[in-house]
Amino acid sequence: MIAIGEKISELRKQKGITQEQLAEIIGVSSQSVSKWENSVTMPDIMLLPIIADTFEVTIDYLFDKEQHVAQNINADN
């Protein structure tokens, strides 16, 4: 399972934006984004919808849940 910080880093790089740009978009410091990506801290729960909307993904995707749910469904068949 991928940590949320790794997911944020991956999505940010795919979108071609810097930590500073992401921080500005969601209204936090660039240090906060850096700490998330390095798994020092996690984003506040109130920021999760904003982060998900920024990357056009679901909150479940940020927590690497969608893939695991699909695998479990296939395993049951």
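Use the structure listed above.
In short, a report on the structure. Every value quoted in this text rests on a predicted model; they were computed, and no experiment measured them.

Quick word on the pattern of salt bridges
Phase 1 of the analysis: Inspection of the entire model under this criterion finds two salt bridges.
Phase 2 of the analysis: The closest approach of N and O atoms between Lys7 and Asp64, which form a salt bridge, is 3.8 Å. Of this pair, Lys7 sits in helix H1 (residues 4-15) while Asp64 sits in the loop between helix H5 (59-62) and helix H6 (65-76), placing them 57 residues apart in sequence.
Phase 3 of the analysis: Classification of Asp64 by relative accessible area gives buried; the value is 6%.
Phase 4 of the analysis: Measuring nitrogen to oxygen at the nearest pair gives 2.6 Å for the salt bridge that ties Glu37 to Arg12. One end of the pair, Glu37, is in helix H3 (residues 30-37); the other, Arg12, is in helix H1, and 25 residues separate them in sequence.
Phase 5 of the analysis: Glu37 sits in the buried class, given a relative accessible area of 11%.

Topic: H1
Phase 1 of the analysis: The first and last C-alpha atoms of H1 sit 16 Å apart over 12 residues, in line with the 16 Å expected at 1.5 Å per residue.
Phase 2 of the analysis: Of all the residues in H1, the buried ones are Ile4, Gly5, Lys7, Ile8, Ser9, Leu11 and Arg12.
Phase 3 of the analysis: At its buried positions, H1 is contacted by helix H2 (19-26), H3, helix H4 (48-55) and H5.
Phase 4 of the analysis: One or two steps after H1, the chain reaches Gly16, where phi turns positive at roughly 75°.

Reading the values: the criteria
Residues numbered from 1 in each chain as written. Predicted model: local features only at pLDDT ≥ 70, side-chain atom pairs only at ≥ 80, totals over all residues. Heavy atoms only, no water. Salt bridge = Lys/Arg side-chain N within 4 Å of Asp/Glu carboxyl O. Helix = DSSP H or I, 4+ residues; strand = E, 2+ residues; numbered from the N terminus. Buried < 20%, exposed > 50% of the residue type's maximum accessible area, 1.4 Å probe, protein only. Expected span 1.5 Å × (residues − 1). Contact = heavy atoms within 4.5 Å.

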